Amino acid sequence: MGKLLGDHAVVIGASLGGLCAARVLSDYYSRVTVYERDELPDGPGNRAAVPQGRHVHLLMARGAAEFEKLFPGLLEGMVAAGVPILENRPDCISFGAAGHVLGTGTTLKDPFTAYVPSRPHLEWQIRTRALAIPNVELIRRGVAEPWYEPAEERVIGVLLESGDESSGVAADLVVDATGRGTRLPVWLEQWGFRRADEESFDVGIDYATHQVHIPEGLLKEKVVVAGASRTQPVGLGMLFYEDGNWGVTTFGTGKVPPPQNFAEICALADEILPPHVAVALRKGEPLGEMAFHKYPKSRWRRYDKMDRFPAGIIPFGDAVVSFNPTYGQGMTMTSLQAGNLAAVLADGDVDIAGRLARATKKTTWPVWTMNAIGDLALHNATGDAPWWYVRVGNLFDQFLGAAETNPDLAEWFLRRFSLLDSLYMVPSPRVFARIVRHNMGLLLREKFGRTRKLDDPVRTG
Ligand SMILES: Cc1cc2nc3c(=O)[nH]c(=O)nc-3n(C[C@H](O)[C@H](O)[C@H](O)COP(=O)(O)OP(=O)(O)OC[C@H]3O[C@@H](n4cnc5c(N)ncnc54)[C@H](O)[C@@H]3O)c2cc1C
């Protein structure tokens, strides 16, 4: 428990963002109430208001570590419930990015552990733990809007969706964790503030997912990813989940449609997956109906750039930034926002929104920028960006090419992609030099049929 900052905090939305925020607030406010409009299942289950939960969700190794910091015992609890672990073993994972297959057949040098919970399972584990905190309460009711007091330029609570006089609930701090469909921009305008500037990229992602039971013993992998590329705009991710089935998600980028049925998924797998995985998938039994989801735009609302913002409210999670989901980072980035919130509250309650927005800008910028570079250069996305984004994207493509046969570079990529190491994906000049050397070595070998010293295995720094 930190220094008490107030009596009551309210969180709108009990998805991953809201639950993480509630956990942090419980250290600084006597009571935390989370309001959720959607029906919440008793166990792990899909929810109407979180349609993305039906599609595969990668939990990055960094996200797992951050969630564990918030909810000690979470990872052990997930494993006890059957959630697969990705250990540092070469046959756990088959990973392809932008048309390059990376790091197969090698063990990583540094420790690497990741977990593969389904999205509904992870949310349920976190919900159970958040609601076990004595001063956190969840109420199943929608919030109509924050309760704004113009004289103080401050949000003083929330107005619940009931319409009667008693619908106001006072709070010292309100957290908007209502996801990327947040109405905060509209409310800000109503209260006489301006909307936050928005950065966005038209990524035109179209998801199609089937749950599949693949007979035991056919696959050692637990994660198979074949990202989309310039020439192959449809990608595929398969994750082996705690229920013993596989979530198989395909996604079109740049408005290209994904497969519409299991036969089309198998045909795509034949084209882009390692042959033994495609064969195993064909032997699988598709379960239930396919799920579809459109994700037209990645979007970052730049609250960090606002010079005037009401006191008493903070946007959180996807309500601030919604990343292209095919990179699998949203939940992990939300866990980093929770770390930022904890650091901000530990320093007191002056300008909470401003300090949090600036801290979140620091953690968001490198990941957002690298995604934009990848989207514009390699995934046929469109949007306003500096001229050098596409150049860097082309260099990155070369990097991935080198990483196909260079385990050190593949590990460098995997650790940053998992957000474990620096959030910056831009290789240092030293690493760049090594990529160039490596590619030149390959070129010379191709041309002259001999190995030059230039092609000595590279070590990354
Ligand atoms: C297709 C897709 C695939 C994804 N894949 C990945 C992945 O592989 N890895 C990853 O890390 N992330 C992924 N993400 C992102 C991830 O789902 C989100 O980052 C994560 O759910 C956190 O979101 P959130 O809690 O901020 O908002 P949401 O999950 O959108 O939840 C918002 C909550 O607020 C509630 N709510 C809304 N309005 C009100 C109201 N007025 N009153 C009360 N309650 C309200 C809703 O009912 C809901 O429960 C993906 C996203 C999409 C769209």
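Just so you know, these numbers come straight off a predicted model, no measurement behind them. Counting of residues starts from 1 at the beginning of each chain's written sequence and follows it residue by residue. Reporting in this predicted model follows two pLDDT cut-offs: at least 70 for local features of residues, and 80 or more for side-chain atom pairs to be given and counted; totals over whole chains, interfaces and linings ignore these cut-offs and use all residues. Side-chain measures were taken over the full set of non-hydrogen atoms in the model, leaving aside hydrogen atoms and water.

*Asks:* Please clarify how the domain arrangement of the protein chain should be interpreted in this entry.
*Replies:* Accessible area lost when the parts come together is the quantity often used to give the size of an interface. What the domain assignment lists for the protein chain is domain 1 (6-51 + 62-69 + 120-198 + 300-371), domain 2 (75-118 + 200-297) and domain 3 (388-455). Between domain 2 and domain 3, the contact holds 15 residues from the first and 16 residues from the second. Summed over both partners, the accessible area lost on bringing two parts together, with a 1.4 Å probe, is the buried area. Of the roughly 1,400 Å² buried at the junction of domain 2 and domain 3 (both faces included), carbon and sulfur atoms supply 61%. Think of a salt bridge as a Lys or Arg side-chain nitrogen and an Asp or Glu carboxyl oxygen that are within 4 Å of each other. Where domain 2 packs against domain 3, one counts one salt bridge. With its nearest N and O atoms 3.6 Å apart, the salt bridge here joins Arg230 to Asp397. When contributions to the side of domain 2 that touches domain 3 are tallied by element, the ones reaching two or more residues are strand 4 (93-97) and strand 5 (100-102). Segmentation into domains, and thus their bounds, comes from an automatic or database assignment. By definition, residues are in contact when any of their heavy atoms lie within 4.5 Å. Secondary structure elements follow DSSP: runs of H or I no shorter than four residues count as helices, runs of E no shorter than two count as strands, and numbering proceeds from the N terminus.

*Asks:* Please clarify how the nonpolar core should be interpreted in this entry.
*Replies:* As a rule of thumb, soluble globular proteins bury nonpolar side chains together. Only buried Ala, Val, Leu, Ile, Met, Phe, Trp, Tyr and Cys residues count toward a nonpolar core, and they belong to the same one when joined by side-chain atoms within 4.5 Å. For every residue, the accessible area (1.4 Å probe, protein chains only) is compared with the maximum for its type, and the residue is labelled buried under 20%, exposed over 50%, or partly exposed between those bounds. Ranked by internal contacts, the top residues of the largest apolar core, which has 77 residues, are Val158, Val174, Trp191, Tyr303, Phe399, Leu400 and Phe413. For this core, the element with the most residues is helix 9 (residues 352-378), which contributes nine residues. If we ignore the near neighbours within four places in the chain, the residues touching Val174 are Val10, Ile12, Val155, Gly157, Val158, Gly312, Ile313 and Ile314.

*Asks:* Please clarify how the site of the ligand should be interpreted in this entry.
*Replies:* The cutoff for a nearby residue is simple: one of its non-hydrogen atoms must lie within 4 Å of the molecule or strand. Close contacts around the ligand come from 33 residues, with Ser15, Glu36, Leu58, Arg119 and Met331 the closest. Pairs of N or O atoms are called polar contacts if they sit within 3.5 Å, as long as, within protein, a hydrogen donor faces a hydrogen acceptor (for residues adjacent in sequence, only side-chain-to-side-chain pairs). Ser15 places a polar side-chain atom, nitrogen or oxygen, 2.7 Å from an oxygen atom of the ligand. With respect to the ligand, the backbone of Leu58 contributes an N or O atom lying 2.7 Å from an oxygen atom. Computed on the free molecule, the ligand has an accessible area of 1,000 Å², of which 94% lies beneath the protein chains in the complex. Where the shell around the ligand is concerned, the elements lending two or more residues are helix 1 (16-25), strand 16 (285-301) and helix 8 (330-346). No other element matches helix 8, which puts three residues into the shell around the ligand. Of the residues contributing to the shell around the ligand, the split by class is 12 nonpolar, 14 polar and seven charged. A domain split of the shell around the ligand shows at least three residues from each of domain 1 (6-51 + 62-69 + 120-198 + 300-371) and domain 2 (75-118 + 200-297). Throughout, the Shrake-Rupley method with a 1.4 Å probe supplies accessible areas, and for residues the shown protein chains are the sole cover considered. For this classification, Asp, Glu, Lys and Arg are treated as charged, while Ala, Val, Leu, Ile, Met, Phe, Trp, Tyr, Cys and Pro are nonpolar and the rest, including Gly, are polar.

*Asks:* Please clarify how the environment of Lys283 should be interpreted in this entry.
*Replies:* Summarising the element assignment, Lys283 is placed in the loop between helix 7 (275-282) and strand 16. With a relative accessible area of 53%, Lys283 lands in the exposed category. Counting along the chain gives 82 residues from Lys283 to Trp365, while the straight-line C-alpha distance between them is 43 Å. If we skip the residues at most four places from it in the chain, Lys283 touches Pro215 and Leu218.

*Asks:* Explain the packing of aromatic side chains to me, please; I cannot follow it from the model alone.
*Replies:* Any two aromatic rings considered together are summarised by their centre-to-centre distance and by the angle between their planes. Pairing of aromatic side chains here covers Phe, Tyr and the six-membered ring of Trp, requires ring centres within 6.5 Å, and sorts the geometry by plane angle: under 30 degrees stacked, over 60 edge-to-face, intermediate tilted. Scanning the entire structure with this criterion turns up 14 aromatic pairs. Aromatic ring contacts, followed pair by pair, group Phe396, Phe399, Trp412, Phe413 and Phe417 into a single cluster. In this structure, Arg302 packs its charged tip against the face of Trp300, placed 3.8 Å from the ring centre. Sitting above the plane of the Phe193 ring, Arg308 keeps its charged end 4.2 Å from the centroid. By the criterion adopted, a ring carries a charge over it if an Arg CZ or a Lys NZ lies within 6 Å of its centre and within 35 degrees of its normal.

*Asks:* Which parts of the structure should I look at to understand empty space enclosed by the protein?
*Replies:* Gaps between atoms show up when a probe of the same size as a water molecule is rolled over them. Residues are said to line a cavity or pocket when one of their atoms sits within 4 Å of a point; the points come from a 1 Å grid over protein atoms alone, cavities being sets where a 1.4 Å probe fits but cannot get out and pockets being open sets with protein on both sides within 12 Å along at least five of seven lines. Grid points are joined across faces, edges and corners, and a volume is the space filled by probe spheres set on the points. Tallied over the entire structure, the rule returns five cavities of 30 Å³ or more. Empty space within the second largest cavity amounts to approximately 140 Å³. Considering the residues around the second largest cavity, the lining is formed by 17 residues, among which Leu58, Leu59, Met60, Leu86 and Ala114 are closest to the centre. Counting only elements with at least two residues in the lining of the second largest cavity, the list comes to strand 4, strand 6 (114-115), strand 13 (223-226) and helix 11 (407-417). Looking at side-chain class alone, the lining of the second largest cavity contains 16 nonpolar, one polar and no charged residues. Two domains each put at least three residues into the lining of the second largest cavity: domain 2 (75-118 + 200-297) and domain 3 (388-455).

*Asks:* When you look at the packing of helix 6 (residues 262-272) against helix 7 in this model, what are you seeing that I'm missing?
*Replies:* For any two helices packed against each other, one specifies the crossing angle of their axes together with the interaxial distance. Only the contacting stretch of a helix is used when fitting its axis, a line to C-alpha atoms as for every element, and angles between N-to-C directions run 0 to 180 degrees. Contact geometry of helix 6 with helix 7 gives a least axis separation of 8 Å together with a crossing angle of 165°. Classified by the interaxial angle, the pair formed by helix 6 and helix 7 is roughly antiparallel. For the element pair helix 6 and helix 7, the recorded crossing hand is left-handed. In contact with Phe262, Ile265, Cys266, Ala267, Ala269 and Asp270 of helix 6, helix 7 contributes Ala278, Leu281 and Arg282. A class-by-class count of the residues in the contact of helix 6 with helix 7 yields seven nonpolar, no polar and two charged. Should an angle lie under 35 degrees it is considered roughly parallel, over 145 roughly antiparallel, and from 65 to 115 roughly perpendicular; all remaining angles are considered oblique. Helix crossings fall into two classes, left-handed where the near helix is turned counterclockwise from the far one by less than a right angle and right-handed where it is turned clockwise.

*Asks:* I would appreciate a short explanation of the packing of helix 2 (residues 61-70) against helix 8 in the present structure.
*Replies:* Taken N-terminus to C-terminus, the directions of helix 2 and helix 8 make an angle of 40°; their axes are 8 Å apart at the nearest point. Put simply, helix 2 runs oblique to helix 8. Taken as a pair, helix 2 and helix 8 cross one another with a handedness that is left-handed. Residue-level contacts link Arg62, Gly63, Glu66, Phe67 and Leu70 of helix 2 to Met331, Thr332, Ser335, Leu336 and Ala338 of helix 8.

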